[in-house]
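One-letter residues, chain by chain:
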Amino acid sequence: MQGSLASRFEEASTDSYTTFGLVSKWKQETKGKAVGYFPVYFPEELADSMGILPVSLQGASGGVSLDMATAHTQSFVCSISRSVFQMALQGNLEVFDGLIFSNICDVARNLSGITKRNMAKYVDYIHFPVNNSSSHAAAYLRDEYLRIGEGLANVAGTRLDAEKLRASISLHNEKRRLLRRLAALRRERPEIIPYAEWYSVIRASAVMPASEYASALASYLDEASARTSKSMDKIRVAVIGNFCEQIPVMLMKVIEDAGCYVVNDEALIGNRWLQDVRTEGDDPVLSLAEAYIGNREPLTVRFHPEVDKQEHIEAFVKSLRADGVIFCTPKFCEPALYDYMIYKAPLEKRKTPYLHLEYEESSSSFEHVRTMAETFAESILFD
Amino acid sequence: MPQPAAKLTFKDLDRAKYMQGGMIKEYFDSLTNSRANGTKVAYAFVMANPIELLKSFDFLPLYPEITSLNISYRGGAPPLITLAEEAGYSTDACGYVKMGVAATMPGASTTIGNVPGPDLLLLSYSGCQIYIHWWEQFHYQAGVPIVLLDIPYVRDFEGRVPRHDIRYVTGQLEEVIARLEKASGKRFDENRLKETVRLSAEAWDLWRQCLEMGKLRPTPFDAYFESIYYMAPITFARGSQKCVDFYRFLLEELKSRAEHGVGPTAEERYRLVFEGVPNYPFFKKFWGLFAQHNARSVASTYPKVAGLVDTGAFRLNPDKPLESLAEYMIHAYCNWNMPLRTNLIEKYVRDYKADAVILHSIKSCRSFSMGEGDMREYLAVEKGIPTLLVESDHVDPRYYSEAQMKNRVDAFFETLDLRMGAK
């Protein structure tokens, strides 16, 4: 990666763990506000159009102790919820003018309430529709976005404006297109983008202002596409399960070193999951809602009655030309653990090799992963 | 000269539990015979199920939460949990899910007999995200369709429910009626629904009166451990005259207990508020840990999972059956946000003049348990209410340490004694 681009992504990525210095700097320079949101998806356009910087809180990845949070939350909940709450308790999130959660799981849901009780800030919660095939779902989500929009407007001291929202939707459409291009490039030529670099680039999307990020990403794509690294004799694997709590980058490096190209994973999936949102029409809030409702791409934290996950996984693995699947499920993450059960059945039926690993964002010892991944890769290579 | 009426004992006034046991047996028999009788079985959840609608189409509801807890109560959890874990379910997954899925696996046998598989999966998503994942397991295992009701979370910290939530749920109920018509082959009869809703409303009101008997000093019943028996009919038999009759009988029995000065312990030394799901494999032992100190629960949150009837948050109305059902489904206990739940517990302490709060946190259920540590901080540290937080599981006996639990509970009562003596 080019020096200046690399350092921009790296700086933003590193800053988004515990320090959020770039957020403070942005607020000082623009006199704007910032909100943090818990994964997986948040309609960033609502905030951005009102001059609020939306920042995805992806956890501290071992950067903070979890003692205070564990006392409030129990020991059997995932690490990302505890590290985000720990940061809320000890002041790392002071820079944010509000925090937003959504119905991705029971832990995140209850986290919204205990965060509110412990922080004198705007805290809100989006109930994304689960009954996405209901004829009432889009109208419901439009009203829910308007409700959230009111809360954000109070933070920003402004009002939701249709024209500004349309402009922001266009910008985010571009950002998502670029992110999908990046994912496609790694899928086609994984040898040119090592995981650590991919992660740094996409993690930066959690915190950089959308316009700045889109511009930097476009330059990065031009630079990366021109690379000429030679492909090695490695298996192609799809990693599934890291849609919320972040996998330690070192763990993924161990998987790569064990003989795998990671051609897909779900890190920060919420930032590229939505397809293009319509910018024409009278009601951009409804357009934003309809884009969510109409999306058929499975997301573990979002149920769609008309999506067949088992059919999807088979087609998905085929489209990736993946030799195997590595399920990486965060410790205590029930949604990932249940989807693992749904996904593994068709893989077994089609004799697609898979491996199941557990991790925590703060994991630091990966020797067992190395052994398992090497065995997995060798069993496929020499099959 | 008329003889004074003989003083009745607790045993004389403990008949409702047996009546409830008979209703459970009858219900389980109907499940066992459902296939032979050609009755269609709809799987449903305890929280926020519109049983009134299912009954309107002659579906027999089966609640895997209830079958799982009953199997566990009778010592049958370990083989089912093992079966599920051998299939690949994690030790960190919910015990209810593992038992529910395993109970319908080929070769499974349970301590309550055969559990029939679903003909329809009614997913009322309220208060528990795992409901979705659980029903998906059944959906992919059995190829049975999911009929979904998405119930928005009560996310306002003052408890306000936006109008668009009510519109959304009511609209879905109308869509569900069409799905149920198709699945059952029967036409929707609005008058029948109204009558079912009327009977439900009557039962809810009687149950509320029973629960409020806990305000008496001494309380004539244990509002946690005994309520776990008493709450069953409002869950599975709601919308029937039998259910109304049960709660009328229970209310009279509790009044008689108060009149005769009897209750579930020899005396009432401590008045407790309980939060959390009980430990079913060791239910009586767990109860005994508190009963031996003559502690009685005066109020608890768990019986409100089926509906927060004592808060005035909902009231079923036969004239507005769908809209009032929507409100009922929104106000399931775990569908309330944590500050609302915590404030409710604090209110119980005030209104029921309780001495302490017991939080029983279970590993299986993050919906209930995530954040109970924060509840303890608020109640104990900020409000000065003696609060004990203990952990185990509702169905998995591996997470219950009898000696450790006893030590914690005994030590708590010792400190409570000191504190109460100092007052």
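These numbers come from a predicted model, not from an experiment. (Residues numbered from 1 in each chain as written. Chains lettered and ligands numbered in written order. Predicted model: local features only at pLDDT ≥ 70, side-chain atom pairs only at ≥ 80, totals over all residues. Heavy atoms only, no water.)

Q: How should the side chain of Arg257(B) be read in this particular structure?
A: All names here are of chain B. Among the secondary structure elements, Arg257 is positioned in helix H12 (residues 241-260). What makes Arg257 buried here is its relative accessible area of 0%. Reaching out from Arg257, the side chain makes a polar contact with the backbone oxygen of Leu13 at a distance of 2.9 Å. (Helix = DSSP H or I, 4+ residues; strand = E, 2+ residues; numbered from the N terminus. Buried < 20%, exposed > 50% of the residue type's maximum accessible area, 1.4 Å probe, protein only. Polar contact = N/O pair within 3.5 Å; in protein donor to acceptor, adjacent residues only side chain to side chain.)

Q: Looking at this structure, I do not really get the pairing of strand E5 (residues 270-275) of chain B. What am I missing?
A: For a regular strand, the rule is simple: side chains alternate between the two faces of the sheet. Residue and element names in this part refer to chain B. Counting buried residues along E5, 6 of its 6 residues qualify, which places the element largely inside the surrounding structure. Here E5 shows no split at all, with Tyr270, Leu272 and Phe274 on one side and Arg271, Val273 and Glu275 on the other all buried. Pairing geometry for E5 and strand E6 (residues 295-300), over 5 bridges, is parallel. Looking at E6, one finds that Arg271 is bridged to Arg296. The parallel pair E5 and E6 is bridged by helix H13 (residues 283-291), and the resulting crossover is right-handed. Here E5 runs beside strand E7 (residues 356-362); their pairing, made up of 4 bridges, is parallel. In the sheet register, Val273 faces E7, and the bridge partner there is Val357. (Pairing = 2+ DSSP bridges. Right-handed = clockwise from strand over helix to strand, strands pointing away.)

Q: Would you mind showing me how to read unusual backbone geometry here?
A: Across residues other than glycine, the phi torsion is negative in most instances, and most of the peptide bonds are trans. The step from Pro39(A) to Val40(A) runs through a cis peptide bond, and the omega angle for that step is 20°. Of note, Val40(A) is situated in the loop between strand E1 (33-37) and helix H3 (44-48). Pro218(B) follows Arg217(B) through a cis peptide bond whose omega is 0°. With respect to the helices and strands, Pro218(B) occurs in the loop between helix H9 (190-212) and helix H10 (225-230). Positioned with a positive phi, Phe20(A) is a non-glycine residue whose angle comes to about 55°. Of note, the phi angle at Ala48(B) is positive, near 65°, even though the residue is not glycine. With respect to the helices and strands, Ala48(B) occurs in the loop between strand E1 (41-43) and helix H3 (51-56).

Q: Even after reading the chapter, I still don't get the interface of chain B and chain A, so can you show me in this structure?
A: Accessible area lost upon the coming together of the parts serves often as the stated size of an interface. Taken together, the contacts link 56 residues of chain B with 56 residues of chain A. Across the chain B/chain A interface, buried area totals approximately 4800 Å², and carbon plus sulfur atoms make up 59% of it. Here chain B is connected to chain A by 7 salt bridges. Where Arg117(A) meets Asp374(B), a salt bridge forms, and the shortest distance between an N and an O atom there is 2.7 Å. There are 37 residue pairs in polar contact (both at pLDDT 80 or more) connecting chain B and chain A. Sorting the residues of the side of chain B that touches chain A by element identifies helix H7 (130-142), strand E4 (146-150), helix H8 (163-184), helix H15 (338-351), E7, helix H16 (366-369), helix H17 (372-382) and strand E8 (387-392) of chain B as the ones contributing at least two each. Tallied by class, residues from the side of chain B that touches chain A come to 25 nonpolar, 15 polar and 16 charged. (Contact = heavy atoms within 4.5 Å. Buried area = accessible area lost by both parts, 1.4 Å probe. Salt bridge = Lys/Arg side-chain N within 4 Å of Asp/Glu carboxyl O. Nonpolar A, V, L, I, M, F, W, Y, C, P; charged D, E, K, R; others polar.)

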